[in-house]
Amino acid sequence: MTPVPSGFMISEEEIRAKVRELAARINADYKGRSPLLVGILKGAFVFLADLIREMDLPVEVDFIATSSYGHSTESTGIVKIIKDLNQNITDRDVLLVEDIVDTGLTLRYLYNLLLSRNPRSLEICVLLDKKERRKVEVPVKYVGFEVPDLFLVGYGLDYAEKFRGLKYIRALSPEEVKGG
Ligand code: IMP
């Protein structure tokens, strides 16, 4: 296990600066195009909302929802689609937007699923990357922060549906995990 650096946190200011930086890269890469941003519910909704407001492209937005960890902090490896996209993505420039990539199982599954629908292009943007936890390779093009192996909450990320509204991101303490 990784030693737990107590009080790990990413501030509101750091997040804002990073979202601007990512949006600038995406604006440049997709210049003259109208990408469809696909947010993965629920965790990505805060990040996606901020990201599109920093972009100057005529973007469209859709959402896809997978089954969550429930009240656990571990992925089961079983990915189930709870809500599919509302639109056809054939020949579209699709950018999958996710809050965090951990084992990679969720994104790997969704990436393959969307690829099978023949988009014009398909890329992935994540705010947080827990790289050391990866079990399967995922082609993530845009990464906000590489983060340590801690359970993080805030800015859309939850633990048992709590903490999504925090303006910053912080690690959950072992006491909070035990206490539920
Ligand atoms: P993966 O399939 O293991 O890569 O997990 C991705 C999903 O797990 C994300 O969409 C999150 O919902 C959830 N997740 C992974 N790590 C964390 C965390 O530290 N805090 C909150 N949710 C997490």
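Above this text you will find the structure in question.
A quick note: this is a predicted structure, and the numbers were derived from the prediction, not measured. (Residues numbered from 1 in each chain as written. Predicted model: local features only at pLDDT ≥ 70, side-chain atom pairs only at ≥ 80, totals over all residues. Heavy atoms only, no water.)

A.B. asks: Before we move on, could you go through the sheet that holds strand β3 (residues 60–66) and cite the residues and values that matter?
C.D. replies: Taken together, the six strands give an open sheet; going across it, the order is β4-β3-β2-β5-β6-β7, and neighbouring strands pair in mixed fashion. Sheet topology places β4 (81–83) and β7 (142–146) at the edges, where each strand pairs with a single neighbour. Neighbour-to-neighbour, the strand axes of the sheet open up by a mean angle of 25 degrees, direction not taken into account. Bridging between β3 and β4 involves two bridges; their strand directions are antiparallel. Among the inter-strand pairings, A65 is bridged to a residue of β4, identified as K83. Lying over the sheet, helix α1 (residues 12–29) contacts β5 (93–101), β6 (121–129) and β7, oriented at roughly 160 degrees with respect to β7. (Pairing = 2+ DSSP bridges. Helix = DSSP H or I, 4+ residues; strand = E, 2+ residues; numbered from the N terminus. Axes fitted to C-alpha atoms, helices over the stretch in contact; angles between N-to-C directions. Contact = heavy atoms within 4.5 Å.)

A.B. asks: Give a description of helix α3 (residues 105–115) that names residues and reports values.
C.D. replies: Every buried residue belonging to α3 is among L107, L110, Y111 and L114, and all of these are buried. The arc enclosing the buried residues of α3, seen along the axis, measures out at 105 degrees, which places them on a common side. Check the buried side of α3 and you find it contacts β2 (36–41), β3, β4, β5 and β6. (Buried < 20%, exposed > 50% of the residue type's maximum accessible area, 1.4 Å probe, protein only. Arc of directions from axis to C-beta.)

A.B. asks: Which residues make up the packing of aromatic side chains, and what values go with them?
C.D. replies: The full count for this structure, using the stated rule, is one aromatic pair. Note that K18 overlies the ring of F145, its terminal NZ or CZ placed 5.1 Å from the centroid. (Phe/Tyr/Trp six-rings, centres within 6.5 Å; stacked < 30°, edge-to-face > 60°. Lys NZ or Arg CZ within 6 Å of the ring centre and 35° of its normal.)

A.B. asks: Account for the sheet that holds strand β9 (residues 169–171), naming residues and giving values.
C.D. replies: Here three strands make up an open sheet; going across it, the order is β1-β9-β8 and the pairing antiparallel. Strand pairing shows two members of the sheet lacking a second neighbour, β1 (9–10) and β8 (152–153), which therefore form its edges. Bridge analysis of β8 against β9 gives two bridges, and the strand direction is antiparallel. Bridge assignment links L152 to a residue of β9, and that residue is A171.

A.B. asks: Explain the nonpolar core to me, using residue names and the numbers behind them.
C.D. replies: Formed by 29 residues in total, the largest nonpolar core has its most connected members in F47, L51, L128, L152 and I169. Of all the elements in the fold, those that place two or more residues in this core are α1, α2 (45–53), β5, β6, β7 and β9. Ranked by residue count, the leading element in this core is α1, at five residues. Excluding its chain neighbours within four sequence positions, the residues that come into contact with L51 are V19, L22, A23, I26, L37, V97 and C125. I64, V101, L107 and V126 belong to the second-largest nonpolar core, a separate cluster that totals 18 residues. (Core = buried A, V, L, I, M, F, W, Y, C linked by side-chain atoms within 4.5 Å.)

A.B. asks: Please set out the packing of α1 against α2 residue by residue, giving values where relevant.
C.D. replies: Contact geometry for α1 and α2: axes closest at 9 Å, N-to-C directions at 60 degrees. The pairing of α1 with α2 is recorded here as oblique in orientation. Where α1 crosses over α2, the two elements pack in a sense that is right-handed. Where α1 approaches α2, its residues V19, L22, A23 and I26 are matched on the opposing element by F47, D50 and L51. Taken together, the residues that form the contact of α1 with α2 break down as six nonpolar, no polar and one charged. (Parallel < 35°, antiparallel > 145°, perpendicular 65-115°, else oblique. Left-handed = near helix turned anticlockwise from the far one by under 90°. Nonpolar A, V, L, I, M, F, W, Y, C, P; charged D, E, K, R; others polar.)

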